[in-house]
Amino acid sequence: MRAVAFTAFGAAPEVTELPVPEPAPGEVLVQVRASSVNGFDLGVLGGFLKGVYEYEFPVVIGKDFAGVVAAVGEGVNEMAVGDEVFGVVMRPTLGQGGFAEYVAVPQGYGIARLPDGLDHARAGVLGLAGTAALNALDAVAPEAGESVLISGATGGVGALAIQLAASRGATVIATARPGAETEFVTGLGAAHAVDHADLAAGVRAVAPGGVHAALHLAGDGAAVADLLANGGRFASTVHFTPENAGERDLKATTVMADPNPATLALLAAEVVQGRLRVPVARVYPLEEAQRAIADFTGGTLGKLAVSI
């Protein structure tokens, strides 16, 4: 099968031929149709996850997947060959990934059936970003009328978080440069756009007493936390915790995305029912996956998809 993999720490990912994986007991083999680039992929490539995961070289890039079940392992009773599925590759080691024609994944975690009305292209970018956005938002639990600052609002997680927060009636303040970025976030439901180059002034102009909640998806975590009102809620997907959280009675949460089947199914239903738009900025063929990764590092408006 074709796959995008790297063979050693420091090596560049390349399109290569690898054997088709065999599904182990409790696993399903998915013929992948679409995936996407996530920040996690940069961590894998950079070797930053040494000691957290075992690297089984060659390591295939890609956490997201959408496709069709091609085979099932022993004991699989929740999925069948021909099922349309999507999700997040949740394996105990780094080796298999979504940037491949096939990937074997557990049947009970990180996977859900694809509902009618959700195509592979959008499903292939939804799993990890959507889960992270929903988990982060649930951690700060905004109520209608409360203000929520989203730092890192123009990326895939941020673009989905804006919509999820706005749908709960929150007043969303999103980081965005003037111009295309501002149009992007306000088009998704942000009430205000603030330039991260002058974050404090921008936020204080619309929330003089501080915001009720903040999602730290990118940027200076301390600067974001400083803009919370005392007693506010803070969630970070990049594992930042404010040093003065106790002094200011902040509720701080570090978020690790939990793509359980119920969460994935909820996100898919939101898309199908028209309440959540999946912003795909560009689709790259598998052969251009390296270009997709490079473009991702330069910043995006939404998600970069990879077509298998």
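Up top you'll find the structure we're talking about.
Since we're looking at a predicted model, the values are computed, not measured.

1. Considering the sheet that holds strand E14 (residues 211-216)
Here is step 1: Here six strands make up an open sheet; going across it, the order is E13-E12-E11-E14-E15-E16 and the pairing parallel. Since the sheet does not close on itself, it has two edges, and those belong to strand E13 (192-194) and strand E16 (251-254), each with one partner. Between one strand axis and the next, the sheet turns by 20 degrees as a mean value, whatever way the strands run.
Here is step 2: Sheet topology places strand E11 (residues 147-151) next to E14; four bridges connect them, and they run parallel. Opposite Val148, over in E14, you have Ala213 as the bridge partner.

2. With respect to empty space enclosed by the protein
Here is step 1: What the rule picks out here adds up to one cavity of 30 Å³ or more.
Here is step 2: Quantified by volume, the largest cavity comes out at close to 120 Å³.
Here is step 3: Around the largest cavity, the lining is made up of 16 residues, and of these Phe40, Gly62, Lys63, Leu94 and Gln96 lie nearest the centre.
Here is step 4: Contributions of two or more residues to the lining of the largest cavity are made by helix H1 (39-45), strand E5 (59-60) and strand E8 (93-94).

3. Focus on the environment of Val32
Here is step 1: If you trace the backbone, Val32 turns up in strand E3 (residues 27-36).
Here is step 2: Sequence separation between Val32 and Asp64 is 32 residues, and the spatial gap between their C-alpha atoms is 9.6 Å.
Here is step 3: In contact with Val32, not counting residues within four places along its chain, are Phe65, Ala66, Gly67, Gly98, Ala100, Glu101, Tyr102, Val103 and Ile308.

4. Quick look at the nonpolar core
Inside soluble globular proteins, nonpolar side chains tend to come together where they are buried.
Here is step 1: Ranked by size, the top nonpolar core spans 44 residues in total, and within it Phe86, Leu126, Ile150, Ile162, Val185 and Leu215 carry the most contacts.
Here is step 2: Of all the secondary-structure elements, those providing two or more residues to this core are helix H2 (120-140), E11, helix H3 (156-167), strand E12 (171-175), helix H4 (180-187), E14 and helix H7 (261-272).
Here is step 3: In terms of residue count, H2 provides more of this core than any other element does, ten residues in total.
Here is step 4: Looking at which domains feed residues into this core, each of domain 1 (2-125 + 278-307) and domain 2 (132-254) gives three or more.
Here is step 5: With 37 residues, the next largest nonpolar core counts Ala3, Phe6, Leu94 and Tyr284 among its residues.

Parameters and conventions
- Residues numbered from 1 in each chain as written.
- Predicted model: local features only at pLDDT ≥ 70, side-chain atom pairs only at ≥ 80, totals over all residues.
- Heavy atoms only, no water.
- Pairing = 2+ DSSP bridges.
- Helix = DSSP H or I, 4+ residues; strand = E, 2+ residues; numbered from the N terminus.
- Axes fitted to C-alpha atoms, helices over the stretch in contact; angles between N-to-C directions.
- 1 Å grid on protein atoms, 1.4 Å probe; cavity = no way out; pocket = protein on both sides within 12 Å on 5 of 7 lines; lining within 4 Å.
- Points joined across faces, edges and corners; volume = space filled by probe spheres on them.
- Contact = heavy atoms within 4.5 Å.
- Core = buried A, V, L, I, M, F, W, Y, C linked by side-chain atoms within 4.5 Å.
- Buried < 20%, exposed > 50% of the residue type's maximum accessible area, 1.4 Å probe, protein only.
- Domains from an automatic or database assignment.

Shape descriptors only; they carry no functional weight alone.
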